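Chain residues, written in single-letter form:
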Amino acid sequence: MWDYTDKVMDHFRHPRNVGAVENADATGQVGSLVCGDALKLTLKINKETEVIEDAKFETFGCASAIASSSVLTEMIKGKTLSDAAKITNQDIADELGSLPAEKMHCSVMGMEALEAAVQSYRQGGKPVVFEQEAEKIVCHCFNVSEEAIIKAIRTNHLTSVEEVTFYTKAGGACGKCKGEIQKILDKVNSCAVPATEQNADKKFADLTIVEKIKRLEQVLEEDVRPQLNMDGGSVELVDVNGLNVKVRLVGMCSGCLAADATLKGFIERVLKEKIDPAITVEKA
Amino acid sequence: MKLIYLDNNATTPVLPEVFEAMQPYFMEKYGNASSMYPLAAESHRAMEKAREQVAGLIGAAHADEIIFTSCATESDNTAIFSAVRSFPQKKHIITSAVEHPAIMHPYQYLETQGYKVDYIGVDAQGRFNMEQYKAALDDNTALVSVMWANSETGTLFPIPEIAALAKAHGALFHTDAVQVIGKMPLDVKSLPIDMLSLSGHKFNAPKGVGALYVKRATRFTGYLMGGHQERTRRGGTENVPYIVALGKAAELAQKRASGSALSKMAALRDRLQEGLLKAIPDSKLNGDPEHRVPNTVNISFGYVEGEAILMHLNEYGICASSGSACTSGSLEPSHVLRAMGVDFKFAHGSVRFSLSESTTQEEVDKVLEVLPGIIENLRKISPFSRFAK
């Protein structure tokens, strides 16, 4: 038996704003019968002020899914669209007192429906179904993208695969993607805020040496080594001097006839693309 | 509010006679059954009496074929690992696709250890696919483990036939019989069953005690390694009070299983089933209506979610369970319903009612009175309700 707060039970027993807004200005949907929960959110929006004047929902799902949807409609009514769009799944859970960890995905569903509704309004009111980017799907059972998993990890400070499952459902069915989820966790939590965001406005040349090394290491790890690994090789960062980067090819790459091509044509190209076009790479 | 308890497949209350029988073994007769003084002998005798009672319940030829365990999960794990360790050269094992996790997970583990595993499927009514089973069996099969009755739908499998085929191929046969105990008479001595698991709390003993039946002359390797208890087949100081309770509960269940109370219970179950299917559109029965334990009915209500149904039933004191994803830690609807190919619009909205001998018509009628309204209200807020009839 889940330990639901009184507020969850109240919204479940007496859901507010059930139904669909007539002539809705925005319709956002998420989920399906297959997934076991689904939410359709319709909004009436003042075109002048962009204030949400009315919000209604229809939900197929458990008690916490119904309560999350109901409380969401109360939270967004009277807010401007841009303020409403800032609401996170944690805000929804907080408004309800709390949700059991296993049920956090219900609050995520509310956030996703809202995201779809905002998009719907921007597109002239045509209903929008929240969709994950197909090319980056990690969990194929529940259709969860890498982006959605990273977002859940960041927003909610998740540290284990189990928690990711509770929040996004990813890994909750066949479990085959659990290894991949662990890798995403490792990646996100090893550099809580990626250098790209942190130093986006700073030029490579202006970074401190430690920042430079971190930045280079990140790109090497994410974009270079996986490719080299496939051929049984890898690359080590040896030195950084201004815009000049010295590396050593290791493993199968070290004696490879195509080593020069790898160095200039691949590693240098990637670093120029991802960090700074002025970077040059040479053999240590 | 009076509780209407219709979840007896999940657990049952300890009966007063059972509680009375176990009580002295906590504070007065606390001897370790292995020790050498009269206090200990008393514990030992009580335990051996319980062994007779459990043997009687399942129709075992000898009391020494009963090994006491801590639960049916332990019994199931013990049976599976004993079978594969006893026949190390055989690398194939068979089970059904609708087993309890206590069978499923050890099988999946053995699959990762190089075992070839066949999970025999079921049809839309949950009936065992005998043809698939016959084709899967071969002389390399170490073990066939198939449940007697399904906990979610109550569907009974033809265990005598399944067991006989296993034996014909030289495989060991085990059955998880947790859901048939006290619901029909059993006679394992006349059947080719090598091992059988049962759980005390499903028939009015406390939680935390179970048993494994191992037919004499069956190759056996213990699971919990420890002292010489249970003739070295299960290490660990015997839980005397709970074993006494299991014995008493077994004696009572044996009487019930051959009495007239079962047909009365089946009649009430049928009343509930027919009433719900008639009153609620887009509802369907899950399971085999003909071969089923007498206390269980599982019905799916389309376009609504099971946990939400249960939460509303709670408001009337009605306890039932659901195969919905949301009621378990898992996020998928019941693997049993999915193995039966139940459509997703129905899979999330299943409710299981499991009755006991003390269930009354008044209680059943209360469910019939409130459930149609609950389903209607949930459909009103469901975005899929427009698909419903």
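Thresholds, definitions, all that
- Residues numbered from 1 in each chain as written.
- Chains lettered and ligands numbered in written order.
- Predicted model: local features only at pLDDT ≥ 70, side-chain atom pairs only at ≥ 80, totals over all residues.
- Helix = DSSP H or I, 4+ residues; strand = E, 2+ residues; numbered from the N terminus.
- Buried ≥ 20, exposed ≤ 12 C-beta atoms within 10 Å, placed from the backbone.
- Contact = placed C-beta atoms within 7 Å.
- Rg over C-alpha atoms; globule rule 2.2 N^0.38 Å.
- Nonpolar A, V, L, I, M, F, W, Y, C, P; charged D, E, K, R; others polar.
- Expected span 1.5 Å × (residues − 1).
- Arc of directions from axis to C-beta.
- Axes fitted to C-alpha atoms, helices over the stretch in contact; angles between N-to-C directions.
- Parallel < 35°, antiparallel > 145°, perpendicular 65-115°, else oblique.
- Pairing = 2+ DSSP bridges.
- pLDDT = per-residue confidence, 0-100.

### Comments concerning the overall build of chain A
Point 1. Scanning chain A for helices and strands turns up 11 helices and nine strands.
Point 2. Dimensions of chain A along its principal axes, counting C-alpha atoms only, are 70 × 45 × 30 Å.
Point 3. Every one of the 284 residues in chain A was classed for burial, and the buried ones make up 39%.
Point 4. Taking the contacts inside chain A whose residues are at least 6 apart along the sequence as the reference set, 53% of them involve residues at least 24 apart.

### Digging into the overall build of chain B
Point 1. A count of helices and strands for chain B gives 13 helices and 12 strands.
Point 2. The C-alpha atoms of chain B give a radius of gyration of 22 Å, which matches the 21 Å a tight globule of 389 residues would have.
Point 3. Considered along the principal axes of its C-alpha atoms, chain B spans approximately 70 × 50 × 35 Å.
Point 4. Counting every position in chain B, which comprises 389 residues, the buried fraction comes to 52%.
Point 5. Put simply, of all contacts in chain B between residues at least 6 apart along the chain, 71% involve residues at least 24 apart.

### Looking at unusual backbone geometry
Residues and elements named next belong to chain A.
Point 1. For E50, which is not a glycine, the phi torsion comes out positive at approximately 60 degrees.
Point 2. Since 15 C-beta atoms lie within 10 Å of it, E50 is described here as partly exposed.
Point 3. Even without being a glycine, N143 presents a positive backbone phi close to 60 degrees.
Point 4. On the secondary structure map, N143 appears in the loop between β5 (137–139) and β6 (144–145).

### Thoughts on the interface of chain B and chain A
Point 1. With 19 residues of chain B in contact, the opposing surface of chain A contributes 20 residues.
Point 2. Elements supplying a minimum of two residues to the side of chain B that touches chain A: α10 (306–314) and α12 (344–347) of chain B.
Point 3. No other element matches α10(B), which puts three residues into the side of chain B that touches chain A.
Point 4. By residue class, the composition of the side of chain B that touches chain A is 11 nonpolar, four polar and four charged.

### Section: helix α5 (residues 101–112) of chain B
All names here are of chain B.
Point 1. A rise of 1.5 Å per residue sets the reference length of α5, with its 12 residues, at 16 Å; its end C-alpha atoms lie 16 Å apart and thus fit the reference within 8%.
Point 2. Taken together, the buried positions of α5 are A102, I103, P106 and Y107. The arc that holds the buried residues of α5, viewed along the axis, is 120 degrees, so those residues lie on one side.
Point 3. Looking at the buried side of α5, the elements it contacts are α4 (72–86), β3 (92–96), β4 (116–120), β5 (141–145) and β6 (172–176).

### Considerations on the packing of helix α6 (residues 146–156) of chain A against helix α7 (residues 161–168) of chain A
When two helices pack together, their arrangement is given by the angle between the helix axes and the distance between those axes.
Residue and element names in this part refer to chain A.
Point 1. Orientation of α6 relative to α7, taken along the N-to-C sense of each, is 105 degrees, at an axis distance of 10 Å. With respect to α7, the axis of α6 lies roughly perpendicular. Residues A148, I149, A152, I153 and N156 of α6 form the contact with α7, whose participating residues are V164, Y167 and T168.
Point 2. Its residues assigned to classes, the contact of α6 with α7 shows six nonpolar, two polar and no charged.

### Considerations on the pairing of strand β2 (residues 37–45) of chain A
Regular strands have side chains that alternate between both faces of the sheet.
All names here are of chain A.
Point 1. Most of β2 sits out of view: eight of its nine residues are buried.
Point 2. When strand β1 (residues 26–32) meets β2, the two strands line up antiparallel, connected through seven bridges. Across the sheet, the residue bridging to A26 is L43, located in β2.
Point 3. Strand direction decides the pairing type here: β2 and strand β3 (residues 52–60), joined by eight bridges, are antiparallel.

### Side note on the confidence of the model for chain B
Point 1. Here chain B shows a mean pLDDT of 95. Residues at 70 or above account for 98%.
Point 2. The complex model carries a pTM of 0.79, and its ipTM stands at 0.84.

### A look at the sheet that holds strand β7 (residues 233–241) of chain A
Residue and element names in this part refer to chain A.
Point 1. Within the open sheet, the three strands sit side by side as β7-β8-β9. Their pairing is mixed. Where the open sheet ends on each side, the last strands, each with one partner, are β7 and β9 (280–283). Sheet twist, expressed as the average angle between the axes of neighbouring strands with direction ignored, equals 35 degrees.
Point 2. Looking at chain direction, strand β8 (residues 244–251) and β9 are connected through four bridges and run parallel. Across the sheet, the residue bridging to K246 is E282, located in β9.

### A closer look at helix α7 (residues 159–168) of chain B
Residues and elements named next belong to chain B.
Point 1. Within α7, the full set of buried residues consists of I159, I162, A163 and A166. Down the axis, α7 shows its buried residues gathered within 95 degrees of arc, on one side only. Turned more than 90 degrees from where α7 packs its buried face, P160 and A168 sit exposed.
Point 2. For α7, the elements touching its buried residues are α6 (130–136), β5 and β6.
Point 3. Looking one or two places after α7, you find G170, whose phi comes out positive at around 75 degrees.

### Overview of the environment of B:G208
Residues and elements named next belong to chain B.
Point 1. Turning to its location among the elements, G208 is positioned in the loop between β7 (195–199) and β8 (210–214).
Point 2. Spatially, the C-alpha atoms of G208 and T69 are 8.4 Å apart, while their sequence positions differ by 139 residues.
Point 3. Among all residues touching G208, those that are not within four sequence positions of it are S70, C71 and Y242.

### A word on the sheet that holds β2(A)
All names here are of chain A.
Point 1. As summarised here, the arrangement of the four strands in space is β3-β2-β1-β4, forming an open sheet in which the pairing is mixed. The sheet terminates laterally at β3 and β4 (128–129), the two strands that pair on one side only.
Point 2. On the sheet, helix α2 (residues 63–76) packs against β2 and β3 and is oriented at approximately 175 degrees with respect to β3.
Point 3. Sheet strands touched by helix α5 (residues 104–122): β1, β2 and β4. Its angle to β1, the strand with the most contacts, is close to 145 degrees.

### Regarding the pairing of β6(B)
Residue and element names in this part refer to chain B.
Point 1. For β6, the tally of buried residues reaches five of five residues, placing the bulk of the element in the interior.
Point 2. Residues L172, H174 and D176 line one face of β6 and the alternating positions F173 and T175 line the opposite face, and both faces are buried.
Point 3. Both β5 and β6 contribute to a ladder of three bridges, which runs parallel. Its bridge partner being in β6, V144 is matched across the sheet by F173.

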